[in-house]
Amino acid sequence: MSSFRLYTNTKAIMWVTIGTALFSLIFASGKFADGTATPFQILFLRYIGGLATLLLAVAARRERLSACRSAKPLSHFMRAIFGASGGGALIYASANMPIVDATAIGLLYVVFVIPLGVLVLKEQLTSRHLGAVAVCCAGAAIVMASRGAFTGFHLAYVFPAGIAVLGAALLAVEGLMIKMLSHSDRAMTVLLYVNAFGILLMAGPAATQWVPLSIENAMSFLLLGPIAVTAQYCIVQGYRLASLSIVGPVDYTWLIFAGLIGFLFFGEKPTLGVAAGSAIIALGGIMLAIIKPPACERESLSPD
């Protein structure tokens, strides 16, 4: 590997690591709120902060908003539905169970992406993909079993864990839609639409569950908007600089950041079962990231 490629890959990994750390804070926001705000309120204010940040960026670049118009507004609306509901589900789960547990289960989105890619994008599935998916599922089962989810009906854990699984599935659909929209719209367009539609989608639910907020709390939730935009920018930069096999596994640093947040701020100590299950999920995810599609394998085996 050339020194230039090593430098580029290192930059890509740093970008994605920073983005993942910022997203870890966002998904832990429900836990930090500690009942002072509902997940719907948090998302609503986050989207307002995000849209304000993006509009300022457009103004600073002296662009017209019409230049960010999409020919597929309905697709953006559907993407916003899946993104908002998936994000809300993980915020709820993180607030009602150990953060690292919710994160480990939420990382099952990589498992849900596989069948979606096969069904919608006609991607090819190999036995190695199936093996990696089985590894991820086994890891999630270990995490839940270590908390007694299968030895008795512990509603206080099983319910938020189920919400985390639902959130992972919804984020997988959102990820698929982002991939499809990225071919027709630029990043600024995608971000503007999701934040604008997110405000509309969350306004009603947030109003029905609104609780009074202090100025400090409201401002902290609004600041989640620019944090989310910055995180998205960092991850896009990283994915542009290096291949998926290099940056894909970096997503699993989410487990490390979630564990640190839970330990430092909430005194959560992962059990041996949670640590083992999380490591197995990460292993399965890394396997999925580095498996080449069959077409790529044939190309790599063919003579120059």
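On a predicted model such as this, the values are computed, not experimentally measured, just so you know.

What counts, and where the lines are drawn
- Residues numbered from 1 in each chain as written.
- Predicted model: local features only at pLDDT ≥ 70, side-chain atom pairs only at ≥ 80, totals over all residues.
- Heavy atoms only, no water.
- Helix = DSSP H or I, 4+ residues; strand = E, 2+ residues; numbered from the N terminus.
- Rg over C-alpha atoms; globule rule 2.2 N^0.38 Å.
- Buried < 20%, exposed > 50% of the residue type's maximum accessible area, 1.4 Å probe, protein only.
- Contact = heavy atoms within 4.5 Å.
- Areas by Shrake-Rupley, 256 points an atom, 1.4 Å probe, with all protein chains shown as cover.
- Lys, Arg positive; Asp, Glu negative; His and termini not counted.
- Charge placed at Lys NZ, Arg CZ, Asp CG, Glu CD.
- Expected span 1.5 Å × (residues − 1).
- Axes fitted to C-alpha atoms, helices over the stretch in contact; angles between N-to-C directions.
- Parallel < 35°, antiparallel > 145°, perpendicular 65-115°, else oblique.
- Left-handed = near helix turned anticlockwise from the far one by under 90°.
- Nonpolar A, V, L, I, M, F, W, Y, C, P; charged D, E, K, R; others polar.
- pLDDT = per-residue confidence, 0-100.
- Phe/Tyr/Trp six-rings, centres within 6.5 Å; stacked < 30°, edge-to-face > 60°.
- Polar contact = N/O pair within 3.5 Å; in protein donor to acceptor, adjacent residues only side chain to side chain.
- Salt bridge = Lys/Arg side-chain N within 4 Å of Asp/Glu carboxyl O.

Asks: Help me understand the overall build of the protein chain in this model?
Replies: A count of helices and strands for the protein chain gives 15 helices and zero strands. The C-alpha radius of gyration of the protein chain comes to 20 Å, within 12% of the 19 Å expected for a compact globule of 304 residues. For the protein chain, the C-alpha atoms occupy an extent of roughly 65 × 55 × 40 Å along the three principal directions. Counting over 304 residues, the protein chain shows a buried share of 45%. Expressed as a percentage of contacts within the protein chain between residues at least 6 apart in sequence, the contacts between residues at least 24 apart total 90%. Summed over all atoms, the accessible surface of the protein chain reaches about 15,200 Å², with 71% contributed by carbon and sulfur. Across the protein chain, the 19 positively charged side chains and the 12 negatively charged ones have centroids separated by 6 Å.

Asks: Any chance you could explain the environment of Ala 104 here in plain terms?
Replies: Note that Ala 104 resides in helix 5 (residues 99-106). Residues Ala 104 and Ala 164, 60 residues apart in the sequence, show an inter-C-alpha distance of 9.1 Å. Every residue in contact with Ala 104, bar those within four places of it in the chain, is listed here: Val 143, Leu 255, Ser 278 and Ile 281.

Asks: Help me understand helix 6 (residues 109-120), please; the structure alone is not making it clear to me.
Replies: Since the α-helix turns once every 3.6 residues, residues separated by three or four places project in the same direction. Here helix 6 spans 16 Å end to end across 12 residues, near enough to the 16 Å set by a 1.5 Å rise per residue. Inspection of helix 6 places Tyr 109, Val 110, Val 111, Ile 114 and Gly 117 among the buried residues, and these make up the whole buried set. Positioned one or two residues after helix 6, Lys 122 has a phi angle of 60 degrees, which is positive.

Asks: Could you clarify how one ought to interpret the packing of helix 3 (residues 39-60) against helix 4 (residues 73-96) in this entry?
Replies: How two helices pack is summed up by the angle between their axes together with the distance between the axes. Taken N-terminus to C-terminus, the directions of helix 3 and helix 4 make an angle of 130 degrees; their axes are 9 Å apart at the nearest point. In terms of their interaxial angle, helix 3 and helix 4 are classed as oblique. The chirality of how helix 3 crosses helix 4 is right-handed. Of the residues in helix 4, those touching helix 3 at Pro 39, Ile 42, Leu 43 and Tyr 47 are Gly 83, Ala 84, Gly 87, Gly 88, Ile 91 and Tyr 92. In terms of residue class, the contact of helix 3 with helix 4 is built from seven nonpolar, three polar and no charged.

Asks: What am I meant to see in the confidence of the model for the protein chain here?
Replies: Detailed reading of the predicted coordinates is not advisable wherever pLDDT falls low. Summarising the model, the protein chain shows a mean pLDDT of 84, and 91% of its residues fall at 70 or more. Considering each helix and strand of the protein chain separately, the mean pLDDT is smallest for helix 15 (residues 294-301), with a value of 42, and largest for helix 3, with 95. Contacts for the low-pLDDT stretch residues 295-304, under 50 throughout, to residues beyond four places or in other chains number three contacts.

Asks: Would you mind going over the packing of helix 1 (residues 3-27) against helix 13 (residues 253-266) with me for this structure?
Replies: Between helix 1 and helix 13, the shortest axis-to-axis distance is 9 Å and the interhelical angle comes to 45 degrees. Between helix 1 and helix 13, the angle falls in the class oblique. Classified by chirality, the crossing of helix 13 by helix 1 is right-handed. Here Thr 17, Thr 20, Ala 21, Ser 24, Leu 25 and Phe 27 of helix 1 lie close against helix 13, whose contacting residues are Thr 253, Trp 254, Phe 257 and Ile 261. Classifying every residue of the contact of helix 1 with helix 13 by side-chain character gives six nonpolar, four polar and no charged.

Asks: Help me out: how do you make sense of the packing of aromatic side chains in this one?
Replies: Any two aromatic rings considered together are summarised by their centre-to-centre distance and by the angle between their planes. For the coordinates displayed, the defined rule picks out nine aromatic pairs. An angle of 85 degrees between the planes, with centres 5.8 Å apart, marks the rings of Trp 15 and Tyr 233 as edge-to-face. In this pair, Trp 15 sits in helix 1 while Tyr 233 sits in helix 11 (residues 224-241), placing the two residues 218 residues apart along the sequence. Overall, the relative accessible area of 46% leaves Tyr 233 in the partly exposed class. On the basis of an interplanar angle of 80 degrees and a centroid distance of 6.4 Å, the ring pair of Phe 44 and Trp 210 is categorised as edge-to-face.

Asks: Just to check I follow, could you spell out the environment of Leu 223 for this structure?
Replies: With respect to the helices and strands, Leu 223 occurs in the loop between helix 10 (215-222) and helix 11. Taking the C-alpha atoms as reference points, Leu 223 and Ile 26, separated by 197 residues in sequence, lie 9.9 Å from one another.

Asks: I'm lost on the side chain of Ser 70 in this one. Help?
Replies: Following the sequence through the fold, Ser 70 ends up in the loop between helix 3 and helix 4. A polar side-chain atom of Ser 70 sits 2.9 Å from the main-chain amide nitrogen of Lys 72. Among the polar contacts made by the side chain of Ser 70, one reaches the side chain of Asp 185 at a distance of 2.7 Å. With residues up to four places along the chain from it excluded, the contact list for Ser 70 reads His 76, Asp 185, Thr 189 and Tyr 193.

Asks: I would appreciate a short explanation of the pattern of salt bridges in the present structure.
Replies: Where side chains of opposite charge bring their charged atoms close, a pairing between them can arise. Per the stated rule, a full pass over the model turns up four salt bridges. Two residues, Glu 268 and Lys 31, come together in a salt bridge whose shortest N-O distance is 3.0 Å. In this pair, Glu 268 sits in the loop between helix 13 and helix 14 (272-290) while Lys 31 sits in helix 2 (residues 29-33), placing the two residues 237 residues apart along the sequence. Summarising the burial analysis for this pair, Glu 268 and Lys 31 share the class buried. Note that Arg 79 and Glu 174 form a salt bridge whose closest N and O atoms lie 2.9 Å from each other.

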